[in-house]
Amino acid sequence: MRLHRFYIDKYLGADRTLLQDRDLMHQWRSVFRYNVGSEVLLFDGRGGEYVYIIETIDNREAWVRLLEERGGVVPKNKITLFISLIKKDNLELVIEKATELGVSKIVPVLSERSEKKGFNLERAKRIVIEASEQCGRADVPEITSIKQLVDSIEEAEGEIIVFDPSGESFELKAKSLEGQQTSSSKLKTLSLFVGPEGGWSPKELELFKNGKAQILSVGPLILRAETAAIAALSLLTL
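What you see is a predicted model; the values in this text were computed from it and never measured.

Trainee: Would you take a moment to explain the sheet that holds strand β3 (residues 39–43) for this structure?
Mentor: Strand pairing within a sheet occurs via backbone hydrogen bonds; the two strands may be parallel or antiparallel. With respect to topology, 5 strands assemble into an open sheet ordered β1-β3-β4-β5-β2, the strand pairing being mixed. Because the sheet does not close on itself, it has two edges, and the strands there are β1 (5–7) and β2 (16–20). When strand polarity is set aside, the average angle formed by the axes of neighbouring strands in this sheet is 40 degrees. Bridge count for strand β4 (residues 48–57) against strand β5 (residues 61–71) is 9 bridges, and the pairing is antiparallel. Residue pairing in the sheet places Tyr52 in a bridge with Leu66 of β5. Sheet strands touched by helix α3 (residues 121–135): β1 and β3. Its angle to β1, the strand with the most contacts, is close to 150 degrees.

Trainee: Mind showing me how you'd approach the pattern of salt bridges here?
Mentor: Side chains that differ in charge, positive against negative, can pair when their charged atoms come close. For the structure on display, the rule yields 17 salt bridges. Note that Arg70 and Glu68 form a salt bridge whose closest N and O atoms lie 3.4 Å from each other. Overall, the relative accessible area of 37% leaves Glu68 in the partly exposed class. Measuring nitrogen to oxygen at the nearest pair gives 2.8 Å for the salt bridge that ties Lys78 to Glu157. Here the residue Lys78 occupies a position in strand β6 (residues 78–84), and Glu157 occupies one in the loop between α4 (149–155) and β10 (159–169), the gap between them amounting to 79 residues. Residue class for Glu157 comes out partly exposed when judged on its relative accessible area of 39%. Through salt bridges with shared partners, a single network forms among Lys88, Asp89, Glu92 and Arg123.

Trainee: Help me understand the side chain of Thr80, please; the structure alone is not making it clear to me.
Mentor: Mapped onto the elements of the fold, Thr80 is located in strand β6. Look at Thr80 and you get buried, because its relative accessible area is 6%. Those residues in contact with Thr80 that sit more than four places away from it in its chain are Lys105, Val107, Leu190, Ser191 and Leu192.

Trainee: Would you take a moment to explain α3 for this structure?
Mentor: Every α-helical turn comprises 3.6 residues, leaving residues that sit three or four positions apart pointing alike. Between its first and last C-alpha atoms α3 spans 21 Å; for 15 residues at 1.5 Å apiece the expected length is 21 Å, and the two agree. Every buried residue belonging to α3 is among Ala124, Ile127, Val128, Ala131, Ser132 and Glu133, and all of these are buried. The opening residue of α3, the one whose side-chain oxygen lies 3.3 Å from the backbone nitrogen of Glu122, is Asn120. Trailing α3 by a residue or two, Gly136 shows a phi angle of about 95 degrees, which is positive.

Trainee: I keep staring at the environment of Phe119 and nothing clicks. Help me out?
Mentor: Counting through the fold element by element, Phe119 comes out in the loop between β7 (105–110) and α3. For the pair Phe119 and Ser145, spaced 26 residues apart in the sequence, the C-alpha separation amounts to 7.6 Å. Those residues in contact with Phe119, other than ones at most four positions away along the chain, are Leu85, Leu91, Ile95, Pro108, Ala124, Ile143, Thr144 and Ile146.

Trainee: I would appreciate a short explanation of the environment of Thr56 in the present structure.
Mentor: Within the secondary structure, Thr56 sits in strand β4. In sequence terms Thr56 and Val36 are 20 residues apart; their C-alpha atoms lie 5.7 Å from each other.

Trainee: How should the nonpolar core be read in this particular structure?
Mentor: Soluble globular proteins: nonpolar side chains tend toward being buried together. Membership of the largest hydrophobic core comes to 30 residues, with the highest contact counts inside it found for Leu81, Ile83, Ile95, Ile106, Leu192, Val194 and Leu233. Look past the residues within four positions of Leu81 in its chain and what remains in contact with it is Val94, Ala98, Val103, Lys105, Ile106, Val107, Leu192, Val194 and Leu233. Leu24, Met25, Tyr34 and Leu42 belong to the second-largest nonpolar core, a separate cluster that totals 17 residues.

Criteria and thresholds
- Residues numbered from 1 in each chain as written.
- Predicted model: local features only at pLDDT ≥ 70, side-chain atom pairs only at ≥ 80, totals over all residues.
- Heavy atoms only, no water.
- Pairing = 2+ DSSP bridges.
- Helix = DSSP H or I, 4+ residues; strand = E, 2+ residues; numbered from the N terminus.
- Axes fitted to C-alpha atoms, helices over the stretch in contact; angles between N-to-C directions.
- Contact = heavy atoms within 4.5 Å.
- Salt bridge = Lys/Arg side-chain N within 4 Å of Asp/Glu carboxyl O.
- Buried < 20%, exposed > 50% of the residue type's maximum accessible area, 1.4 Å probe, protein only.
- Expected span 1.5 Å × (residues − 1).
- Polar contact = N/O pair within 3.5 Å; in protein donor to acceptor, adjacent residues only side chain to side chain.
- Core = buried A, V, L, I, M, F, W, Y, C linked by side-chain atoms within 4.5 Å.

So this is what it looks like as structure tokens:
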């Protein structure tokens, strides 16, 4: 029987663990109909998974006992997605799919042509947790508050790749990176920048070039920002 996965924001692995979370207890009791003797699959973001059996449960808390510890699935590369602020629903779609595609960190960026200025960080954190639970990741990507583009470029790690329709073929670059990955077991660190609907401004493209970034294109068609982000990540991770 397939066990449902739940992220727990505390250190797991002890023989017995007390979980105190009213929302989780409501979900377990009212949605999944768990009771004493039910088994659950928990993870705490450190890379492992733990099968626990429920010993006691009420509306506020549950005592669970460890049955089995398993190795979890953790993305092999360190990819940071710097995504310019776009419309709320589209941004949330990118956050969800980036989590499923193995991104390690998501940074919302305020650019000159950003369509919006605000960002609900707490909601975004819930999205990455739910996406990690659903897709089978044993870790949860980090997501930050809004950063200015200049600061984002300065903190970018590894190879910096910027999506822009004016750039060279992103697909060819992805194949090159794939070849590097098959020839080495070392962790690959990449920073991917995806702009807003209106694209990066000429001034911003100069900032990228001065920061030794590679300007690449997903293809000849003009893609929406959320499509470009998902397409680029798919080329790098699948």
